[in-house]
Amino acid sequence: MDQNVFGIVYCSGQEAEGETHEHTILLATWDGRAVHVHNFAGTTSIDVHHAHRYAGKTAPAISGRPHTHRYVTITSVDDGHQHKIEGVTGPVVPLPGGGHYHLFHGVTTVNGRTPHRHTYSGRTGGEV
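All values derive from a computational prediction rather than experimental measurement.

**Quick look at the pattern of salt bridges**
For side chains of opposite charge, pairing can occur when their charged atoms come near one another. Applying the stated criterion across every chain, the model contains four salt bridges. The closest approach of N and O atoms between Asp-78 and Arg-53, which form a salt bridge, is 3.9 Å. Note that Asp-78 is positioned in the loop between strand E7 (70–74) and strand E8 (84–88) and Arg-53 in strand E5 (residues 53–57), a separation of 25 residues in sequence. Two residues, Glu-86 and Lys-84, come together in a salt bridge whose shortest N-O distance is 3.6 Å. By relative accessible area, which is 42% here, Glu-86 ends up partly exposed.

Quick look at the structure:
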């Protein structure tokens, strides 16, 4: 089954000599339907006497149908280290005036002088 996809591909050009480089694809449409992303941000739980801040954008999803979004980001550096946050949002939660948001929650990777993890939860912003 063929899918018509439209987007923009770009390369950061910051790879060191001999390293594999990556391309990022910014999707605009998938099979003729618009795609969208959501902003997300928050603060982790307090563990080992500190918390971390995080922010990012979800992966794109097709607008106008039931969906979830993948998300991944790195926390702020606090107490000399950071953590990775990664997961999949919950389903669409409609907003009264139109649009929607998604709930998300999870556990960070383990890191720190005293190895530990943090929990996090929140809701995405509206569609971007």
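**Describing the confidence of the model for the protein**
In this model, the protein carries a mean pLDDT of 84, and residues with pLDDT of at least 70 account for 73%. Here residues 3–10 scores under 50 on pLDDT; set against residues more than four positions off or in separate chains, the count is 25 contacts.

**Topic: the pairing of strand E11 (residues 103–107)**
The alternating pattern of E11 places Phe-104 and Gly-106 on a buried face and Leu-103, His-105 and Val-107 on a face that is not buried. In terms of strand pairing, E11 meets strand E12 (residues 119–123) through five bridges, oriented antiparallel. Across the sheet, His-105 pairs through a bridge with Ser-121, a residue of E12.

**As for unusual backbone geometry**
Phi is positive for Val-48, close to 50 degrees, though the residue is something other than glycine. With respect to the element layout, Val-48 can be found in the loop between strand E4 (39–43) and E5. At His-49, a position not held by glycine, the phi torsion is positive, near 70 degrees. On the accessibility criterion, His-49 (81% relative accessible area) is exposed.

Basis of the calculations
- Residues numbered from 1 in each chain as written.
- Predicted model: local features only at pLDDT ≥ 70, side-chain atom pairs only at ≥ 80, totals over all residues.
- Heavy atoms only, no water.
- Salt bridge = Lys/Arg side-chain N within 4 Å of Asp/Glu carboxyl O.
- Helix = DSSP H or I, 4+ residues; strand = E, 2+ residues; numbered from the N terminus.
- Buried < 20%, exposed > 50% of the residue type's maximum accessible area, 1.4 Å probe, protein only.
- pLDDT = per-residue confidence, 0-100.
- Contact = heavy atoms within 4.5 Å.
- Pairing = 2+ DSSP bridges.

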